[in-house]
Amino acid sequence: MESDSHELEPIEEEYENEDSLEISNSATVDATIELVQDTAINEDPNEKNVYKRKPRRKTSTVWNHFEQVEVCGVKKNQCKWCKSKFTISKSSCTSTLGRHLESCLKYAGSKKKQKVLSVEGKESGGVDIISNFQFDESKVRELLAHMILYHEYPFRIVEHVLFNKFMKACTPHWKKISRATAKSLCFATYEFEKKKLKTLLNRVPKVNITTDMWTSCQKVSYMVVTCHFIDSEWRLNRRVLNFCNIPPPHSGLLITDALHKYFRDWGIESKVCSITVDNAKANDVALRHLRDVFNMRKSLVVGGKLFHVRCCAHITNLMVQDGLSEIGDIVDCVRDGIKFLVASEGRLKQFTETAKNLHLSSKKLFLDVPTRWNSTYLMLSAAYEFKDVFSMYGYNDHQFIWVPSQEDWDKVKSVCELLGVFNRVTKIVSGSDYPTSNLFLPEIWRMKEVLINKCDDGNDYIRSMAHRMKAKFDKYWGECNLLMAIAAILDPRFKLVFIRFCFPKIYQEAEATKNIEYVQRILKEIYNVYLHEHNLNLKEQDLASKVQESSSSNRSVCAVHDEEGGVEIRESFLKSAETVLQPMKSELEMYLEEGVYIPNKNIEFNALDWWKANTLKYNVLSKVAKDILSTPITTVTSESTFSAGGRVIDPHRASLSTETVQKLLCGADWVRSLYGLKKKCGDDQNEGEVEITLPEAI
């Protein structure tokens, strides 16, 4: 066909009946036929003719179950299920096909499909729950809110394209939601979990509190309040109650008002046993006021002597930082040298090559966080392994001027040996998810013993360092720490035996004897308070049972008169026997007179498990142990919340309101507890610390 020939656009129409086709212009039709014939000469016979009229559209749903097949040159409709064949009617009627589907057994069986099973896995030792799967939009939205809170995702994740594609691939029922909806779902989760936590706290007799202050990248000050308690199953729990904005000035009275308001909102103002804080002066003022308020209400035992608890980790940090100031120049030299190496990959490779030539197996350096002494200890101990490499590298690279002398390296070695004991204490404090208070006194004793020995060391810098640290130790722990001592006594492995052993090493002989008697007297007073409360509860229960018995006996007096009379006589006898046959010794006396418990070395000992197993034997004393052992000795949990706050309030989300921040952080903590997910505090403690793995040598 010539290129300048006239081409007609194909006309695509659908006709319901061939008889309805009307030709309005015969000349146009003739021209079209000639054009099609000319085109057919040049086109491939295998190609589809675009000018061919479309077949009639099949609108009935029965065609989903039938297909056209050719049998001996005749087209027929065949059922996809039973393969039955039917003649195609001229009118394309589908009534016959529809009636066949009603009686087709294979088609009827296909509609009874096996449902999708949903398997909900439980913890180890539990039983999996198997049920029929059914899409629940409200459950999906609830879990979405939990995911956002726990993983600290931004609200806009629900608007991400690939997130919605992923959800649509998982289930076609998924409906995209906006970030505003995601925010409202998270807030609803916060309110729901808050009501559950209030109900739980109503059933807890006593709680312990930790609190601390933090300033975000917004330059906004926040106070975190964390609650610690042991539940009925003897599991140590902690919950973040508040993460609120506290405007300056952060005076003691302002902190007092804020804490008292939070306690009243949660309904625990009469249940607080102790508050653990750091050594800021404002905290001392605040807790002194709170103790006076609680003492007026008579809600504190032994006059609040156990109310104010100083953070053990903070005191340890102050002690070690004072000691490290003796070798501050050496620490700065090592730190600056590592910074110089990290700044260039080529320097690290050259440093690695030098280490390989000296046949050193160590392959890691650490860059510390100056405010965290334990990271400084790791940096020095790791750098000491490369002391020869530092010298050799400085000889090859004249720009590297941070090469400590042999005398400096000797000081580093001696200091690391001293700080090893303190590092063990820090691991106990931050390495456990919920450390109980009975773990600390043995470590405090070890620290004091090491400091006393190092005060007579032959090296001047070690003696000076030990004297500095001992002065700080005596400032904060010079007086008898009642909480640690009583907690150690309530550890069945120690009891009074350990107190009598370690106190003479911590204090002077006369002072040690005085402190041991003081601790025993306070413990006895605490036990008597709990015993009095226990007896009051028994009297209330007895009175309630008598009222119930009298009301029930009035309803059926004559039925079993003789039998009830016998029961009453027996019960009155047992009650009188309880009053007459009271034990000559109290539970506390029996506990202290028994030998110490020697645990299996292959099984990790847990004081809470021991007390749970002996609750019936020590009914009253176990309540004392429950409140004492749950007392936190550090504010590490608060610092863990601050680390989460730093991730939530990052520079890209700095416009979050203080109310939103509280709901996100508290909600995340409550969701974590809901699913039994534990957050490792040690990971937050190492935040900012840089671990440098040396590259492979060339």
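Structural data are supplied above this passage.
Criteria and cut-off values
Residues numbered from 1 in each chain as written. Predicted model: local features only at pLDDT ≥ 70, side-chain atom pairs only at ≥ 80, totals over all residues. Heavy atoms only, no water. Helix = DSSP H or I, 4+ residues; strand = E, 2+ residues; numbered from the N terminus. Buried < 20%, exposed > 50% of the residue type's maximum accessible area, 1.4 Å probe, protein only. Pairing = 2+ DSSP bridges. Axes fitted to C-alpha atoms, helices over the stretch in contact; angles between N-to-C directions. Contact = heavy atoms within 4.5 Å. Patch = residues over 30% accessible without salt bridge, like charges linked within 9 Å, V, L, I, M, F, W, Y side chains within 5 Å. Areas by Shrake-Rupley, 256 points an atom, 1.4 Å probe, with all protein chains shown as cover. Salt bridge = Lys/Arg side-chain N within 4 Å of Asp/Glu carboxyl O. Core = buried A, V, L, I, M, F, W, Y, C linked by side-chain atoms within 4.5 Å. Expected span 1.5 Å × (residues − 1). Parallel < 35°, antiparallel > 145°, perpendicular 65-115°, else oblique. Nonpolar A, V, L, I, M, F, W, Y, C, P; charged D, E, K, R; others polar.

**Q** Which residues make up unusual backbone geometry, and what values do they have?
**A** Of note, the amide linkage connecting Pro248 to Pro249 takes the cis form, showing an omega dihedral of 0°. Of note, Pro249 is situated in the loop between strand S8 (236-245) and helix H7 (252-266). Despite not being glycine, Cys72 shows a phi value in the positive range, around 55°. Tracing the backbone shows Cys72 in the loop between strand S1 (66-71) and strand S2 (74-79). Among the residues examined, Cys72 registers a relative accessible area of 79% and is labelled exposed.

**Q** Which residues make up the sheet that holds S8, and what values do they have?
**A** Spatially, the five strands line up as an open sheet ordered S8-S7-S6-S9-S10, and their pairing is mixed. Because the sheet does not close on itself, it has two edges, and the strands there are S8 and strand S10 (308-310). The average undirected angle you get between the axes of adjacent strands in this sheet is 25°. Of the pairings in the sheet, the one linking strand S6 (residues 207-215) to strand S9 (residues 272-277) comprises four bridges and is parallel in character. The residue of S9 that forms the bridge with Val207 is Val272. Here H7 sits on the sheet in contact with S6, strand S7 (221-230), S8 and S9, set at roughly 45° to S7. Each of S9 and S10 is contacted by helix H8 (residues 281-296), which is oriented at about 175° to S9, the strand it contacts most.

**Q** Before we move on, could you go through a nonpolar patch on the surface and cite the residues and values that matter?
**A** A cluster of nonpolar side chains, namely Leu143, Leu674, Tyr675 and Leu677, defines an oily patch on the protein surface of about 330 Å² accessible area. Assignment of secondary structure puts Leu143 in helix H4 (residues 137-151).

**Q** Now, about the nonpolar core: what can you tell me, with residues and values included?
**A** Core analysis: the biggest nonpolar cluster contains 102 residues, and Leu419, Phe422, Phe503 and Trp611 have the highest contact counts within it. Per element, the largest residue contribution to this core is nine residues, and it comes from helix H14 (residues 406-431). For Phe422, the residues in contact, after removing those within four places along its chain, are Thr316, Met319, Val320, Trp373, Met447, Leu451 and Met469. Phe163, Val207, Val225 and Val671 belong to the second-largest nonpolar core, a separate cluster that totals 57 residues.

**Q** Which residues make up the sheet that holds S1, and what values do they have?
**A** Reading across the sheet, the three strands line up as S1-S2-S3 and stay open at both edges, with antiparallel pairing between neighbours. Where the open sheet ends on each side, the last strands, each with one partner, are S1 and strand S3 (85-87). Strand-to-strand twist across the sheet, computed as the mean angle between neighbouring axes with direction ignored, equals 40°. Examined bridge by bridge, S1 and S2 share six bridges and lie antiparallel to one another.

**Q** An account of the pattern of salt bridges is requested, with residue identities and associated values reported.
**A** Side chains that carry opposite charge are capable of pairing whenever their charged atoms lie near each other. In the structure shown here, the tally under the stated rule is 26 salt bridges. Ionic pairing is found between Asp231 and Arg235, a salt bridge with its closest N-O pair at 3.3 Å. Put simply, Arg446 and Glu443 hold a salt bridge, and the shortest N to O gap is 2.7 Å. Residue Arg446 and its partner Glu443 are both found in helix H15 (residues 440-454); the two are separated by three residues, about one turn of the helix. According to the relative accessible area criterion, Arg446 is partly exposed, its value standing at 30%. Through salt bridges with shared partners, a single ionic network connects Glu191, Glu659 and Lys663.

**Q** With reference to specific residues and values, describe helix H12 (residues 373-384).
**A** End to end, H12 covers 16 Å across 12 residues, agreeing with the expected 16 Å (1.5 Å per residue, within 8%). All of the buried residues in H12 are Trp373, Asn374, Ser375, Thr376, Tyr377, Met379, Leu380, Ala382, Ala383 and Tyr384.

**Q** Just give me the short version of the pairing of S2, but keep the residues and values in it.
**A** The two faces of a sheet get side chains in turn, since along a regular strand they alternate between them. In this structure, the hairpin formed by S1 and S2 is closed by a connection of two residues, where Cys72 is found at a positive phi of approximately 55°. Pairing of S2 with S3 involves three bridges; the strand directions are antiparallel. Within S3, the residue paired with Asn77 across the bridge is Phe86. In sequence, S2 turns back onto S3 through a hairpin of five residues, with Lys83 there showing a positive phi of about 65°.

**Q** Explain the packing of helix H10 (residues 328-342) against helix H11 (residues 345-357) residue by residue, including any values.
**A** Their axes nearest at 6 Å, the elements H10 and H11 cross at an angle of 110°. Relative to H11, the element H10 is oriented roughly perpendicular. Mapping the contact onto sequence places Phe340, Leu341 and Val342 in H10 and Arg347, Leu348 and Phe351 in H11. In terms of residue class, the contact of H10 with H11 is made up of five nonpolar, no polar and one charged.

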